[in-house]
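# An overview of the molecular structure
Listed below, chain by chain, are the residues.
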Amino acid sequence: MLNENDIFLSVVIPAYNEEGRIGDTLGAIISYLKSRDYKSELILVSDGSTDSTINIARQESERTDYDIKITENEVCSGKGYSVRKGMMETRGAYALFTDADLSTPINEIEKLLYWLERDYDVAIGSRALKDSQVEIHQTFIRETMGKVFNKIMSLMVFTGFKDTQCGFKCFTRDAVNRIFKRQTINGFAFDVEILLIAKRQGFRIKEVPVRWLNSPYSKVHILRDPVLMLCEVFRIRFYDFLKRYS
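### Looking at the pairing of strand 7 (residues 168-172)
The buried fraction of strand 7 amounts to five of the five residues, a majority that puts the element mostly inside the structure. Side chains Phe-168, Cys-170 and Thr-172 project from strand 7 onto one buried face, and the interleaved Lys-169 and Phe-171 project onto a second face that is buried too. Where strand 4 (residues 94-98) and strand 7 come together, five bridges link them in antiparallel fashion. Pairing of Thr-98 across the sheet is with Phe-168, part of strand 7. Pairing of strand 5 (residues 122-126) with strand 7 involves three bridges; the strand directions are antiparallel. Looking at the pairing, Ala-123 lines up with Cys-170 of strand 7.

### Section: a nonpolar patch on the surface
Residues Ile-152, Leu-230 and Phe-234 make up a contiguous nonpolar surface patch of about 240 Å² in total accessible area. Within the secondary structure, Leu-230 is located in helix 8 (residues 224-241).

### Topic: the side chain of Glu-193
In this fold, Glu-193 is placed in helix 7 (residues 190-200). Lacking a salt bridge, the buried Glu-193 has Arg-84 as its closest oppositely charged neighbour, with an N-O distance of 5.9 Å. Apart from residues no more than four positions distant in its own chain, Glu-193 is found in contact with Arg-182, Gln-183, Thr-184, Ile-185, Ile-236, Tyr-239 and Tyr-245.

### Section: helix 1 (residues 22-35)
Between its first and last C-alpha, helix 1 extends 20 Å over 14 residues, near the 20 Å set by a 1.5 Å rise per residue. Next to the buried residues of helix 1 lie strand 1 (9-15), strand 2 (40-47), helix 2 (53-64), strand 3 (68-73), strand 4 and helix 4 (109-116).

### Focus on the environment of Gly-86
Examined against the element boundaries, Gly-86 turns out to sit in helix 3 (residues 79-89). The exposure class assigned to Gly-86 is buried, which follows from its relative accessible area of 0%. When near neighbours in sequence (up to four residues on either side) are disregarded, Gly-86 contacts Val-12, Ile-43 and Val-45.

Rules and cut-offs
- Residues numbered from 1 in each chain as written.
- Predicted model: local features only at pLDDT ≥ 70, side-chain atom pairs only at ≥ 80, totals over all residues.
- Heavy atoms only, no water.
- Buried < 20%, exposed > 50% of the residue type's maximum accessible area, 1.4 Å probe, protein only.
- Helix = DSSP H or I, 4+ residues; strand = E, 2+ residues; numbered from the N terminus.
- Pairing = 2+ DSSP bridges.
- Patch = residues over 30% accessible without salt bridge, like charges linked within 9 Å, V, L, I, M, F, W, Y side chains within 5 Å.
- Areas by Shrake-Rupley, 256 points an atom, 1.4 Å probe, with all protein chains shown as cover.
- Salt bridge = Lys/Arg side-chain N within 4 Å of Asp/Glu carboxyl O.
- Lys, Arg positive; Asp, Glu negative; His and termini not counted.
- Contact = heavy atoms within 4.5 Å.
- Expected span 1.5 Å × (residues − 1).

Structure (structure tokens):
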């Protein structure tokens, strides 16, 4: 049972050189949070950004009169590292991490909270379910790469999820505390690791269809990152063999 001053929802945004869109993203999220009847917090993790990302975030905080907690990595350390750092700083009963491009609109959080308030521990947005609304698609190459990665991941790690890589996932407080302290992967395959940890910890996970609009300015390098992600999946499989997640 939450008290009046308890934080209901925490939102974490990992960001690397996002000066072109972080202002609009923060504005949209803050506008949504201020319209809710619960207390919230917003945490921006700048992953060694060298542009004006942080300055723009501070300006948006002043403009909207909403306190954004800004934390910085001294060097670019990876999306997985930044998400873990932000999630471990959250105080809300529920904690969401979302991509800086806001490909999944912030109001889709209501679909995830619906299931978390019905005894699920983890709710993940999905672009691949029957009722998912993918209004702007990725390029053919990126969509194909995503499907191939999901197939490899299913064969090597676990099955049961249509889309592990959608950057829109929400957790209960207990799930945050027990999952992210065990997370080790700093790169883009961290989503696979946290879902496997959740399974090994006995948490109930719900994959939820969401609305999604692709941003053309992906930070995933089309040649380098798939190789790195495959290596990370091998590490995840090895760590699971060693029972590090149990």
